[in-house]
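Geometric and topological summary
One letter stands for each residue in the lines below.
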Amino acid sequence: MTFNFCPQCGTKLVTQTVDFKQRQVCPHCHYIHWNDNVISVGGVVVKDGRYLLTQRANNPGRGHWTNPGGFVEQTETLDKAIIREIQEETGIITRPRGVFLIGERPLSSLHTIYVNFLLDYVSGQINIQSNELMNAGFFSLAEMASMDVAGLTREIIHRAQTTTNLLPFQEVNLNYTSQYRLYD
């Protein structure tokens with residue numbers, strides 16, 4: 001992503017070599033744009049031995065069945081993001097148990113970090129968000145075998161089934177202006 005102006009002081013950015021890479025730098029306040037990262041969350045929700053899947057209405061992956069998820073808002077914690085995403089997309093209310101898988105996709109234009117949660121079904125009926133999804137539902141592994149389930153989703157569900165080590169989260173106050181969330 002290219003910025004034209006400094007997000008701290010508004011001065012026009014210039015391109016300079018910093019740490020052997022071309023980076024955008026502010027000549028006034030010396031802000032350096034280090035990289036572009038996106039954090040997204042995904043969830044595996046199991047209800048009565050069936051997995052919650054969503055069918056994508058948009059590209060990439062239009063028509064494929066995937067585990068629900070989406071992008072983390074700037075001021076949102078990871079666990080709140082996955083709860084919100086699942087409820088917005090499907091109407092299902094969940095409670096995170098913990099993180100079981102972290103993935104990434106480092107591209108030159110954008111580095112995506114993908115945090116996957118195992119969640120408990122709490123309540124709700126399927127009510128899809130039609131601008132993002134074509135369909136949603138709970139499916140058994142046998143049903144998924146004949147569905148167009150994305151390869152990454154198949155791998156995520158397989159890992160959720162075999163995980164024995166969830167990373168629970170806790171808030172830690174380190175006497176800074178905000179709290180940190182640690183997964184351990």
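Residues numbered from 1 in each chain as written. Predicted model: local features only at pLDDT ≥ 70, side-chain atom pairs only at ≥ 80, totals over all residues. Heavy atoms only, no water.

Here's the deal with the confidence of the model for the protein
When pLDDT is averaged along the protein, the result is 89; 90% of the residues meet or exceed 70. Per-residue pLDDT, averaged within each element of the protein, yields its smallest value for strand 12 (residues 180-183) (65) and its largest for strand 6 (residues 65-66) (98). (pLDDT = per-residue confidence, 0-100. Helix = DSSP H or I, 4+ residues; strand = E, 2+ residues; numbered from the N terminus.)

Describing the nonpolar core
By size, the foremost hydrophobic cluster in this structure holds 15 residues, and its most contacted members are Val44, Leu53, Phe100, Met144 and Met147. Every element with two or more residues in this core is listed here: strand 5 (50-56), strand 8 (93-106), strand 9 (111-123) and helix 3 (151-162). Broken down by element, this core gets its largest block of residues, three residues, from helix 3. Beyond its immediate sequence surroundings of up to four residues, valine 44 is in contact with Tyr51, Phe100, Phe117, Leu118, Leu119, Ile156 and Ala160. (Core = buried A, V, L, I, M, F, W, Y, C linked by side-chain atoms within 4.5 Å. Buried < 20%, exposed > 50% of the residue type's maximum accessible area, 1.4 Å probe, protein only. Contact = heavy atoms within 4.5 Å.)

Considerations on the pattern of salt bridges
Using the criterion set out here, one finds six salt bridges in the structure. We note a salt bridge from glutamate 85 to arginine 84, for which the minimum N-O separation is 3.1 Å. Neither residue differs from the other here; glutamate 85 and arginine 84 are each classed as buried. One network of salt bridges, with partners in common, ties together Glu76, Arg84, Glu85 and Glu88. (Salt bridge = Lys/Arg side-chain N within 4 Å of Asp/Glu carboxyl O.)

Brief notes about the layout of surface pockets
Its volume calculated, the largest pocket comes out at about 1000 Å³. For the largest pocket, the lining is made up of 35 residues, of which Ser40, Arg56, Pro60, Phe71 and Tyr114 are closest to its centre. Among the secondary structure elements, those contributing two or more residues to the lining of the largest pocket are strand 4 (37-47), strand 5, strand 7 (69-71), helix 1 (78-90), strand 8, strand 9 and helix 3. Among the residues making up the lining of the largest pocket, the classes are represented as 14 nonpolar, 14 polar and seven charged. As a volume, the second largest pocket reaches approximately 550 Å³. Every residue lining the second largest pocket is counted, 17 residues in all, and those nearest its centre are Asn37, Val38, Ile39, Val72 and Gln74. For the lining of the second largest pocket, the element with the most residues is strand 4, which contributes three residues. Tallied by class, residues from the lining of the second largest pocket come to nine nonpolar, five polar and three charged. (1 Å grid on protein atoms, 1.4 Å probe; cavity = no way out; pocket = protein on both sides within 12 Å on 5 of 7 lines; lining within 4 Å. Points joined across faces, edges and corners; volume = space filled by probe spheres on them. Nonpolar A, V, L, I, M, F, W, Y, C, P; charged D, E, K, R; others polar.)

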